[in-house]
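Each chain is listed here by its residues.
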Amino acid sequence: MVAAMSFATLSISAQSVEGTSYMLPKNGVRFTVKVEKTQYQPGKFCQYSERFMKEKVSQTPNTSYRIIGIDVDKTAMPDTARQFTLIMDKRRSIDHVSLTRGGQLLAINTTAEQPVLPSRVFKPAPKPKRLNPADFMTEDILSAGSTAKMAELTAKEIYDIRDSRNALSRGDADNLPKDGAQLKLMYENMNRQESALTQLFEGYTVKDTTWTQVDFVPEREGSIVLFRFSSHYGLVDADDLSGEPYELTVADEHTATDPMANPDEKKKEDKADIGLRSCLPSKIKVTLAVGGNTVSACEMSAAQFGYVQSLSGDLFGKKQSAQVVFDPMTGSVRSIKSIDLK
């Protein structure tokens, strides 16, 4: 899986520029939908299954899908709507600025640790090679003059294998194995023969698993259809009515406080404003449901639902400066460490 945000650091020298443009982040969710695909192919003798094997089987090929799991990961990306310029002049002791490759602010006067976003990589399990029934047919079966006769002789061969296995388990077989290893080998060979020949009546089923990642960046509260799912077609687009809707609901828990909520504060002008901003994220709850039943829910901090606050340039004085590290997921201040320049 490719992470939603690249965290390779770019270090920008303060002496080479008068200002550095940067962005604050916004947050999203990534749903990894795990779908199992089942394909059924009827056997060559399926129409004779009820007659010779006393089992009624489907004579029609079929493909079906089902969701076997949904994983949720939190993502972050630069918010182009929240782009600012950090002013760096001779009055401020700013040595360098660390940005992500996408231009998101990570740290000032220090190198921030680069976080590793969770990565989900699908590793398919090795599939056993399907047995070829023709490899286990006797000469009489292969030389039969009609499909019906082939089916009859194949059914007889299957019953003979079962009888031989039962005799072996009771110790009544003519040629009993010398030890446990030989007994196990004889059982495995009989099971393989029966399984291969039974496919001619019952058919065979192949199962595959696929992972599909669906990204969503919430901008406001409310509900939307994230995707639809059909047992006949699998994962389909949100506007494809062939599938059942999976509805995503976003609820803001309003945990952030507006730093400009005090009217008196708005009248004051920060003369030490150097364009340095950070986020005060709000917590949101994201719920995915189908048919009124919740299939996934998570609570997360979302920068775009909170507020932007200004950090004073007085932090970076000539006698005493600071190292500031920001949370790469939310853009909030993670730490501020004083630096004595005397």
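Preceding this section is the structure that the text describes.
Bear in mind that the values here come from a model prediction, so they are computed numbers and not experimental data.

Below, the discussion takes up helix α3 (residues 147–170). Here α3 spans 35 Å end to end across 24 residues, near enough to the 34 Å set by a 1.5 Å rise per residue. Residues of α3 that are buried: Met-150, Ala-151, Thr-154, Ala-155, Ile-158, Ile-161, Arg-165, Ala-167 and Leu-168. Against α1 (49–53), α2 (139–142) and α4 (180–202) lie the buried residues of α3. Just downstream of α3 lies Gly-171, where phi reads positive at about 80°.

What follows covers the layout of surface pockets. Empty space among the atoms can be located by rolling a probe the size of a water molecule over them. Approximately 390 Å³ is the volume found for the largest pocket. Residue lining of the largest pocket: 18 residues in total, with Lys-127, Pro-128, Thr-205, Val-206 and Lys-207 positioned closest to the centre. The element best represented in the lining of the largest pocket is strand β6 (residues 204–216), accounting for 6 residues. Among the residues forming the lining of the largest pocket, the class breakdown is 8 nonpolar, 4 polar and 6 charged.

So, on to unusual backbone geometry. Notably, Asn-109 is not glycine yet its phi reads approximately 65°, a positive angle. Mapping Asn-109 onto the fold places it in the loop between β5 (105–108) and α2. What makes Asn-109 buried here is its relative accessible area of 9%. For His-254, which is not glycine, the phi torsion reads 50° and is therefore positive. Mapped onto the secondary structure, His-254 falls in the loop between β9 (244–252) and α5 (263–267). Residue classification places His-254 among the exposed positions, given a relative accessible area of 56%.

A word on the pattern of salt bridges. Counted under the stated rule, the structure contains 15 salt bridges. A salt bridge links Asp-208 to Lys-127; its shortest N-O distance comes to 1.9 Å. One end of the pair, Asp-208, is in strand β6; the other, Lys-127, is in the loop between β5 and α2, with 81 residues separating them in the sequence. For Lys-127, a relative accessible area of 54% translates into the label exposed.

In this section: α4. Under the 1.5 Å per step criterion, the end-to-end length of α4 is 31 Å for 23 residues, consistent within 8% with the ideal 33 Å. Turning to α4, its buried residues are Met-190, Glu-194, Ala-196, Leu-197, Thr-198, Gln-199, Leu-200 and Phe-201. Residue Gly-203 follows α4 closely and has a positive phi angle near 80°.

Moving on to the pairing of strand β7 (residues 222–230). Taken together, the 7 bridges between β7 and β9 define a ladder with antiparallel strand orientation. Its bridge partner being in β9, Phe-227 is matched across the sheet by Tyr-246. As paired elements, β7 and strand β8 (residues 234–236) share 3 bridges and run antiparallel to each other. Bridge pairing links Arg-228 to Val-236 in β8. Counted between consecutive antiparallel strands, the loop separating β7 from β8 contains 3 residues.

Right, let's get into the sheet that holds strand β2 (residues 19–41). The sheet built from 3 strands is open, its strands ordered β3-β2-β6 with antiparallel pairing. Of all the strands in the sheet, the pair left with one neighbour each is β3 (62–87) and β6. Taken over all neighbouring pairs, the strand axes of this sheet differ in orientation by 10° on average, direction set aside. Sheet analysis places β2 next to β6, joined by 13 bridges and oriented antiparallel. Paired with Lys-37 across the bridge in β6 is Asp-208.

Rules used in this analysis
Starting afresh in each chain, residues are numbered from 1 along the sequence in its written order. Thresholds applied to this predicted model are a pLDDT of at least 70 for local features of residues and 80 or more for the giving and counting of side-chain atom pairs; totals over whole chains, interfaces and linings are not thresholded and use all residues. Only hydrogens and water are set aside; all other atoms, that is, all heavy atoms of the structure, feed into the side-chain values. Going along the chain from the N terminus, every DSSP run of H or I of four or more residues is numbered as a helix, and every run of E of two or more is numbered as a strand. Helix span, as expected, comes to 1.5 Å for every residue beyond the first. Under the scheme applied here, a residue whose accessible area is under 20% of the maximum for its type counts as buried, over 50% as exposed, and between as partly exposed, the area being computed with a 1.4 Å probe on protein chains only. Only heavy atoms enter the contact rule, under which two residues are in contact if any of them lie within 4.5 Å. A pocket, in this scheme, is an open set of points on a 1 Å grid over the protein atoms alone with protein on both sides within 12 Å along at least 5 of 7 lines, while a cavity is a set where a 1.4 Å probe fits but cannot get out; residues line either one if an atom lies within 4 Å of a point. Grid points are joined across faces, edges and corners, and a volume is the space filled by probe spheres set on the points. Think of it as three bins: nonpolar holds Ala, Val, Leu, Ile, Met, Phe, Trp, Tyr, Cys and Pro, charged holds Asp, Glu, Lys and Arg, and polar takes everything else, Gly as well. A pairing counts as a salt bridge when a side-chain nitrogen of Lys or Arg comes within 4 Å of a carboxyl oxygen of Asp or Glu. Two strands pair under a simple rule: DSSP has to find at least two bridges between them. Interaxial angle, 0 to 180 degrees, is taken between N-to-C directions of lines fitted to C-alpha atoms, where a helix line uses only the stretch in contact.

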